[in-house]
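Analysis of the macromolecular model
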Amino acid sequence: MPPLQPLLWAPQAWIDQGHGGQWHTGVVLHVGSDGHWSAIQPGVAVPPADARVLAGPVLPGLVNAHSHAFQRAFAGLAERREGEADDFWSWRDRMYRVALRISPAQLQAVAAELYSELLRGGYTQVCEFHYLQHQPDGSPYADPLALSWALADAAQATGIGLTMLPVLYQRAGFAQATLREDQRRFATTPAAVWHARQALQQARRPLLNAGIAVHSLRAASRKSIAELQRLSEGMDDGPLHIHIAEQTQEVDDCRAANGARPIEWLCREFTLDARWQLVHATHALPSEIEAVARSGAGVVICPSTEGNLGDGFADLPSWLGAGVPMSIGSDSHVTRAWPEELRWLEYGQRLLKRQRNVAAAPVEGHPATASRLFDAALAGGAAAAGFASWGLEVGARADLLVLDPQDSALLGLPPERTLDALVFSSPCDAVREVYVAGRRVVHERRHWQHEALHTGFDSAMQALWAPADA
Ligand code: ZN
């Protein structure tokens, strides 16, 4: 691992002092021996003699709140229509072909390459919604958590923070009692999920924490979700994620089975709180948004994947207006940089509403679209990963991104427009350095293990996509 840097100085840094982030100049950043910020002091014009001087404006890293790492192996390979129609469900059948064959070693290699890409894309923490548990024939590995440890090893090798979310997955649909044959690697029970969470959390590995997840309302019964909630009652240091309303068909099926829409039903049947994270809160009525806002739960939006899969648009202005914590995730990893996710999120709304700067709220003091979305994702991401503090604040982990002001997308712009250009002037390759827990894991736009990760990924992909299967 690169060495810990105890003292840094940034010419500008994005600091939130309670009213949204702002650029501060001349910022001294002290890193404690635990890899968290021990002091942050703006307004220091001359760098201290023993500080490492950062060569550009500094942003906090973001949490990538929703990831299925194995799907990285599939990016670019589902962009041809095989039949008359192609939608989420036909995509899923093809995605299962990867899910059914990937080995622990291949998963580790794919995830390690992905995590280095996510670091380059400005994320310093990733939440793994992990449902791939068993051997290809459906029987457990000798160590039932073999695939979880493959992901943890990949994260450790790259230096990204990881929130593992073992997933409750029990049935193929609202009206089915069991899984489909091609879902045999996913089978879990509430007890197994809780046991996995405890084992991962208690391993006390650096940069690893764990919460739990329910795949979806279609994949787990009310009784099972209640049992998992009971087991996790005292869990105050981990989140609880669920895929909630990605597809209109899922909404229709939920209404047919339960007489209510997914978010409506979840809020009615369970007591939600700030640990709950509703992933793909895509199809929601105003009354459902109000119910989530009252509960304190957050939502996770995955713009590039939702676009790729033709899911539909989340009601972004209503979620933001209701003050619901919001984070972003790259999910299937067709996009691996947060500026592109935020751009897609806003452009979707502009196309839908035929308006500009939809996410901005000048009356509330947030005229800039990019910074409103960034601040929302920064705060919402912390909740999604189960962190009490995050960003450039004392006590939070010492993560940051150093931007290159000489990148052509930023060149010559007033410094206060940096975030606007990072999101809305593309292509932009301005993330030059990335620090996690006080250690520089990306330097001059390259991950410190770039070559080894690349080689491992290449071999895994060659093995996964042998010519007979292409
Ligand atoms: Zn997902």
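All figures in this text were calculated on a predicted structure; none of them were measured in a lab.

Let us look at the domain arrangement of the chain. Per the domain assignment, the segments making up the chain are domain 1 (7–60 + 396–450) and domain 2 (62–385). With 28 residues of domain 1 at the interface, the matching set in domain 2 holds 27 residues. Here domain 1 and domain 2 share an interface that buries about 2,100 Å² over both sides, 66% of which is from carbon and sulfur atoms. Asp 429 serves as the salt-bridge partner of Arg 120, at 3.3 Å between the closest nitrogen and oxygen. Taken together, the links from domain 1 to domain 2 amount to nine residue pairs in polar contact (both at pLDDT 80 or more). Of all the secondary structure elements, the ones that give two or more residues to the side of domain 1 that touches domain 2 are helix 13 (418–424), strand 16 (431–436), strand 17 (439–443) and strand 18 (446–447). Looking at which element gives the most residues to the side of domain 1 that touches domain 2, the answer is helix 13, with five residues. Among the residues forming the side of domain 1 that touches domain 2, the class breakdown is 16 nonpolar, six polar and six charged.

A few words now on the packing of helix 7 (residues 262–269) against helix 8 (residues 286–295). With their axes 9 Å apart at the nearest point, helix 7 and helix 8 run at an angle of 35 degrees to one another. In the crossing of helix 7 with helix 8, the sense of the turn from one axis to the other is left-handed. Along its contact with helix 7, which presents Pro 262, Ile 263, Glu 264 and Cys 267, the element helix 8 presents Glu 288, Ala 291 and Val 292. Looking at the contact of helix 7 with helix 8, its residues break down into five nonpolar, no polar and two charged.

So, on to the coordination of the zinc ion. Protein coordination of the zinc ion is provided by His 66 (NE2), His 68 (NE2) and His 243 (NE2), with donor distances spanning 2.0 to 2.2 Å. One chain supplies every donor for the zinc ion, spaced along it as H-x1-H-x174-H. Taken as a pair, His 66 and His 68 share a single burial class, namely buried.

Relative to the helices and strands, Ala 109 resides in helix 2 (residues 104–120). Ala 109 sits in the buried class, given a relative accessible area of 17%. Along the chain, Ala 109 and Ala 452 lie 343 residues apart, while their C-alpha atoms are 9.8 Å from each other.

A word on the packing of aromatic side chains. In total, this model carries 15 aromatic pairs according to the counting rule given. Centroid distance Tyr 347 to Phe 424: 5.8 Å. Interplanar angle 40 degrees. Geometry classified as tilted. Here Tyr 347, found in helix 11 (residues 338–353), pairs with Phe 424, found in helix 13; they are 77 residues apart in sequence, far enough to count as distant. With relative accessibility at 32%, the residue Tyr 347 sits in the partly exposed group. In this structure an aromatic cluster arises from ring pairing among Phe 70, Tyr 96, Tyr 131, Tyr 169 and Phe 186. Arg 101 extends its terminal NZ or CZ atom over the ring of Trp 465, reaching a point 5.1 Å from the ring centre.

The next subject is helix 2. Between its terminal C-alpha atoms helix 2 stretches 24 Å, which fits the 24 Å expected from 17 residues at 1.5 Å a residue. Most of helix 2 sits inside the fold, with 13 of its 17 residues counted as buried. Once helix 2 finishes, Gly 122 follows within two positions and takes phi at roughly 95 degrees, a positive value.

Residues Leu 59, Tyr 115, Ile 263, Leu 278 and Trp 338 are the most contacted members of the largest nonpolar core, which totals 136 residues. A domain-level breakdown of this core finds at least three residues from each of domain 1 (7–60 + 396–450) and domain 2 (62–385). Here Leu 278 is in contact with Ile 242, Ile 244, Ile 263, Leu 266, Leu 272, Val 292, Ala 297, Gly 298, Val 299 and Val 300, once residues within four sequence places are set aside. Ala 10, Ile 40, Leu 54 and Leu 392 belong to the second-largest nonpolar core, a separate cluster that totals 17 residues.

Here the focus is helix 12 (residues 369–385). An ideal rise of 1.5 Å per residue puts 24 Å on 17 residues; helix 12 measures up with 24 Å between its terminal C-alpha atoms. Most of helix 12 sits inside the fold, with 15 of its 17 residues counted as buried. Backbone geometry just downstream of helix 12 places Gly 386 in the positive-phi region, at approximately 80 degrees.

A word on the packing of helix 2 against helix 3 (residues 146–158). The axes of two packed helices give the description: the angle between them and the distance between them. Packing of helix 2 against helix 3 leaves a shortest axis separation of 8 Å and a crossing angle of 35 degrees. Our pair here, helix 2 against helix 3, has a crossing hand that is right-handed. Here helix 2 contributes Pro 104, Leu 107, Gln 108, Ala 111, Ala 112, Tyr 115, Ser 116 and Leu 119 to the contact with helix 3, which in turn contributes Leu 147, Ala 150, Leu 151, Asp 153, Ala 154, Ala 155 and Thr 158.

Across the eight residues of strand 7 (residues 123–130), eight count as buried, placing the element largely inside the fold. In this structure, strand 6 (residues 62–67) lies alongside strand 7, joined through four bridges in parallel fashion. Bridging across to strand 7, Asn 64 finds its partner in Val 126. The pairing of strand 7 with strand 8 (residues 161–168) spans six bridges and is classified as parallel. The partner of Glu 128 across the bridge, within strand 8, is Met 164. Between strand 7 and its parallel partner strand 8, the chain crosses via helix 3, and the hand of that crossover is right-handed.

Calculation rules
- Residues numbered from 1 in each chain as written.
- Predicted model: local features only at pLDDT ≥ 70, side-chain atom pairs only at ≥ 80, totals over all residues.
- Heavy atoms only, no water.
- Domains from an automatic or database assignment.
- Contact = heavy atoms within 4.5 Å.
- Buried area = accessible area lost by both parts, 1.4 Å probe.
- Salt bridge = Lys/Arg side-chain N within 4 Å of Asp/Glu carboxyl O.
- Polar contact = N/O pair within 3.5 Å; in protein donor to acceptor, adjacent residues only side chain to side chain.
- Helix = DSSP H or I, 4+ residues; strand = E, 2+ residues; numbered from the N terminus.
- Nonpolar A, V, L, I, M, F, W, Y, C, P; charged D, E, K, R; others polar.
- Axes fitted to C-alpha atoms, helices over the stretch in contact; angles between N-to-C directions.
- Left-handed = near helix turned anticlockwise from the far one by under 90°.
- Donors = N, O, S within 2.8 Å, 3.2 Å for Na, K, Ca; no water.
- Buried < 20%, exposed > 50% of the residue type's maximum accessible area, 1.4 Å probe, protein only.
- Phe/Tyr/Trp six-rings, centres within 6.5 Å; stacked < 30°, edge-to-face > 60°.
- Lys NZ or Arg CZ within 6 Å of the ring centre and 35° of its normal.
- Expected span 1.5 Å × (residues − 1).
- Core = buried A, V, L, I, M, F, W, Y, C linked by side-chain atoms within 4.5 Å.
- Pairing = 2+ DSSP bridges.
- Right-handed = clockwise from strand over helix to strand, strands pointing away.

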